[in-house]
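# Tertiary structure, described
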Amino acid sequence: MPPARSWRTYPQGYMLEAARCKKCGKTFFPPRLVCNKCQGREFERFNMQRTGKVVTHTVIRTPSDEFSGEAPFAVGVIEMDDGPRLTSQIVDVSFDEVKIGMPVKLEFRRLSSEGDAGIINYGHKAVPART
Ligand SMILES: [Zn+2]
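Cut-off values and rules
Residues numbered from 1 in each chain as written. Predicted model: local features only at pLDDT ≥ 70, side-chain atom pairs only at ≥ 80, totals over all residues. Heavy atoms only, no water. Core = buried A, V, L, I, M, F, W, Y, C linked by side-chain atoms within 4.5 Å. Buried < 20%, exposed > 50% of the residue type's maximum accessible area, 1.4 Å probe, protein only. Helix = DSSP H or I, 4+ residues; strand = E, 2+ residues; numbered from the N terminus. Contact = heavy atoms within 4.5 Å. Donors = N, O, S within 2.8 Å, 3.2 Å for Na, K, Ca; no water. Tetrahedral: all angles 85-135°; square planar, octahedral: opposite > 155°, others 65-115°. Polar contact = N/O pair within 3.5 Å; in protein donor to acceptor, adjacent residues only side chain to side chain. Salt bridge = Lys/Arg side-chain N within 4 Å of Asp/Glu carboxyl O. Pairing = 2+ DSSP bridges. Phe/Tyr/Trp six-rings, centres within 6.5 Å; stacked < 30°, edge-to-face > 60°. Lys NZ or Arg CZ within 6 Å of the ring centre and 35° of its normal.

## Here's the deal with the nonpolar core
Of all hydrophobic cores here, the largest spans 16 residues; its most connected members are Met48, Val54, Ile78, Leu86 and Ile90. Sort the elements by how many residues they give to this core and strand E5 (residues 73-80) lands first, with three residues. Once residues within four sequence positions are removed from consideration, Met48 is found in contact with Leu16, Ala18, Phe29, Met80, Asp82, Pro84 and Leu86. If you look at the next biggest cluster of nonpolar residues, it comprises five residues, including Cys21, Phe28, Cys35 and Phe43.

In structure tokens, the structure reads:
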């Protein structure tokens, strides 16, 4: 799917599409062309669950200009329940309350807007999963 189209259809059509290697079963998000475990090239696409947990985390106090208004904030490696790991900002929680093993879910949020052109970048952010 062309990126422009997927942005336009947000949020209704938005999915976390991941890929599972048909040979060894390793999952990737985002999908990739060659498995880094077995070099397999055949994948099954599936829509990943939004839930996972924090594996490691850190606090960013001096971010790039783009995010300077938001510092300090927490960034962590999230291990998704479906297997893939990804790096995400962790929001909706005080950064000193972020813990290893904390359940989170990914939400699609505005990341930043660029100047007067009003270009808005969207991406994933992790928020505490309320059960
Ligand atoms: Zn594989």
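Next comes the rest of the write-up.
## Considerations on the coordination of the zinc ion
At the metal site, the zinc ion is ligated by Cys21 (SG), Cys24 (SG), Cys35 (SG) and Cys38 (SG), and these contacts range over 2.3 Å. With four donor atoms in place around the zinc ion and angles of 101 to 114° between them, the coordination shape is tetrahedral. Between consecutive donors of the zinc ion, the numbers of intervening residues give the motif C-x2-C-x10-C-x2-C. Residue Cys21 is found in strand E1 (residues 17-21), and its partner Cys35 is found in the loop between strand E2 (27-28) and strand E3 (43-47); the two are separated by 14 residues along the sequence. Looking at Cys21, the relative accessible area reads 2%, which means it is buried. By relative accessible area, which is 1% here, Cys35 ends up buried.

## Side note on the side chain of Lys125
Within the fold, Lys125 resides in strand E8 (residues 119-128). On the accessibility criterion, Lys125 (7% relative accessible area) is buried.

## Remarks on the side chain of Ser88
Considering the arrangement of structural elements, one finds Ser88 in strand E6 (residues 85-90). For Ser88, the side chain forms a polar contact with the main-chain nitrogen of Ala126, separated by 3.1 Å. Other than its neighbours up to four places away in sequence, Ser88 contacts Ala74, Val75, Gly76, Ile78, Leu106, His124, Lys125 and Ala126.

## Notes on the pattern of salt bridges
Under the defined criterion, the tally for this structure stands at seven salt bridges. For Arg85, the salt bridge is made with Glu79, and the minimal N-O distance between the two is 3.0 Å. Ionic pairing is found between Lys105 and Glu107, a salt bridge with its closest N-O pair at 3.8 Å. It is possible to trace a salt-bridge network through shared partners that takes in Asp92, Lys105, Glu107 and Arg109.

## A look at the sheet that holds E3
Strand order in the open sheet formed by three strands is E2-E1-E3, and the pairing between neighbours is antiparallel. Edge positions in the sheet fall to E2 and E3, since each of these pairs with one other strand and no more. Pairing geometry for E1 and E2, over two bridges, is antiparallel. Bridging across to E2, Ala19 finds its partner in Phe28.

## Observations regarding the environment of Leu86
With respect to the secondary-structure elements, Leu86 resides in strand E6. A residue is classified by how much of its surface remains accessible, and Leu86, at 11% relative accessible area, is buried. Along the chain, Leu86 and Phe29 lie 57 residues apart, while their C-alpha atoms are 7.3 Å from each other.

## Quick look at the packing of aromatic side chains
The relative placement of two aromatic rings is captured by the distance of their centres and the angle of their planes. The full count for this structure, using the stated rule, is one aromatic pair. With a centroid separation of 6.0 Å and an interplanar angle of 80°, the aromatic rings of Phe28 and Phe43 are classed as edge-to-face. Taken together, the residues Phe28 in strand E2 and Phe43 in strand E3 connect sequence positions 15 residues apart. Both residues of the pair, Phe28 and Phe43, count as buried. The side chain of Arg20 reaches across the aromatic face of Phe46, ending 4.1 Å from its centre.

Remember that the coordinates give geometry; whether it matters functionally is a separate question.
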